[in-house]
Amino acid sequence: FSMSVKILKNKNIKFIAIQNAHRTHINYKKVRVNIPNYYVFGDYEREILLKSDSSYKNIIPVGSLTAAVAKEYLREKHDDLNEDLFDICFISEPHFKLNQDFGHIHQETNYKLQESVKALANNVLKFCKKHKKKMIFSGKADISSEYRKAEILSYKNMVDDHDFEISFHKKKEFINYKNIMQSKLIIGMNSTILRESFEFNKKVLWCNLVGHIDTKSPAEGICE
């Protein structure tokens with residue numbers, strides 16, 4: 001993309017990039033690309049990029065394209081969505097060591113990332129059981145993915161009470177977004193879908209138990 005922009009910069013061609021996932025300052029430090037028009041989630045990204053010495057020119061905060069499409073699709077397909085069906089939607093974030101986005105955090109925090117995933121899962125599951133809250137455990141893997149079994153085993157190895165089920169994603173049907181739409185509160189640690197939940201006017205609790213800057217919420221206050 002960057003090379004195409006450079007080669008064709010004098011042609012009458014408009015180049016656009018659209019942000020597809022939550023990114024922190026470390027992601028933009030790793031790779032610098034020439035993006036004349038970059039449509040991002042929000043002011044968080046815009047502030048990071050304007051402070052950097054990269055060649056970003058036109059940075060437009062627009063929100064998540066995926067979430068916007070999901071909302072339109074789900075409202076067309078399901079006219080009976082109950083937005084209060086679940087008290088809590090807990091976002092599964094197994095963070096295997098092979099997850100390259102968090103490789104540096106595994107190294108810098110001496111495996112604290114996985115311990116934080118474990119602590120958060122146990123606390124949410126205990127809270128829901130104690131206070132009789134209706135929870136949907138929204139899985140990361142697609143239902144057809146080979147990582148689905150690994151995700152289940154990962155949480156069964158981490159949580160004290162194995163009485164839980166994970167609702168796995170169906171990308172073509174936007175099932176994770178359906179879980180969001182039908183829940184009052186969304187809880188997670190660093191998933192992109194926490195940012196996207198604001199598209200659905202949902203309350204979000206971003207639990208940065210790791211304490212690392214790259215798992216920190218992009219906003220401060222009651223949501224963190």
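The preceding data block contains the structure.
Residues numbered from 1 in each chain as written. Predicted model: local features only at pLDDT ≥ 70, side-chain atom pairs only at ≥ 80, totals over all residues. Heavy atoms only, no water.

1. Looking at the overall build of the protein chain
And then number 1: Broken down by element type, the protein chain carries nine helices and eight strands.
And then number 2: Here the C-alpha radius of gyration of the protein chain, 19 Å, is about what a compact globule of 224 residues would show, namely 17 Å.
And then number 3: In terms of overall dimensions, the protein chain has a C-alpha envelope of 60 × 45 × 35 Å along the principal axes.
And then number 4: Of the contacts formed within the protein chain by residues at least 6 apart in sequence, a portion of 55% connects residues at least 24 apart.
And then number 5: Surface summary for the protein chain: the accessible area is close to 13200 Å², and the carbon and sulfur share equals 50%.
And then number 6: In the protein chain, 36 positive and 28 negative side-chain charges are present, and the distance between their average locations comes to 4 Å. (Helix = DSSP H or I, 4+ residues; strand = E, 2+ residues; numbered from the N terminus. Rg over C-alpha atoms; globule rule 2.2 N^0.38 Å. Contact = heavy atoms within 4.5 Å. Areas by Shrake-Rupley, 256 points an atom, 1.4 Å probe, with all protein chains shown as cover. Lys, Arg positive; Asp, Glu negative; His and termini not counted. Charge placed at Lys NZ, Arg CZ, Asp CG, Glu CD.)

2. Some remarks on the sheet that holds strand β3 (residues 58-61)
And then number 1: What the three strands build is an open sheet, ordered β1-β2-β3; its pairing is parallel. Looking at the sheet topology across the chains shown, the edges are occupied by β1 (16-18) and β3. The sheet shows a mean angle of 20° between the axes of neighbouring strands, direction not considered.
And then number 2: Set on the sheet, helix α3 (residues 43-51) makes contact with β2 (37-40) and β3; between it and β3 the angle comes to about 160°. (Pairing = 2+ DSSP bridges. Axes fitted to C-alpha atoms, helices over the stretch in contact; angles between N-to-C directions.)

3. Regarding the nonpolar core
And then number 1: Formed by 23 residues in total, the largest nonpolar core has its most connected members in Phe90, Leu120, Val124, Tyr155, Phe164 and Ile187.
And then number 2: Elements represented by at least two residues in this core include exactly β4 (86-91), α6 (112-130), β5 (135-142), α7 (147-158) and β6 (166-169).
And then number 3: Looking at which element gives the most residues to this core, the answer is α6, with seven residues.
And then number 4: Setting aside anything within four residues of it in sequence, one finds Ile187 in contact with Ile88, Cys89, Phe90, Ile91, Leu120, Val124, Leu194, Leu205 and Cys207.
And then number 5: Ile91, Ile136, Phe200 and Trp206 belong to the second largest nonpolar core, which has 18 residues in total. (Core = buried A, V, L, I, M, F, W, Y, C linked by side-chain atoms within 4.5 Å. Buried < 20%, exposed > 50% of the residue type's maximum accessible area, 1.4 Å probe, protein only.)

4. What to know about the sheet that holds strand β7 (residues 183-188)
And then number 1: Taking strand neighbours across the sheet as the criterion, the five strands line up as β6-β5-β4-β7-β8 in an open arrangement whose pairing is parallel. The open sheet has two edge strands with one neighbour each: β6 and β8 (203-206). Averaged over neighbouring strand pairs, the angle between their axes works out to 25° when direction is ignored.
And then number 2: Where β4 meets β7, four bridges bridge the pair, whose relative direction is parallel. The partner of Ile88 across the bridge, within β7, is Leu185.
And then number 3: Along the sheet, α7 makes contact with β5 and β6, crossing β5 at roughly 135°.

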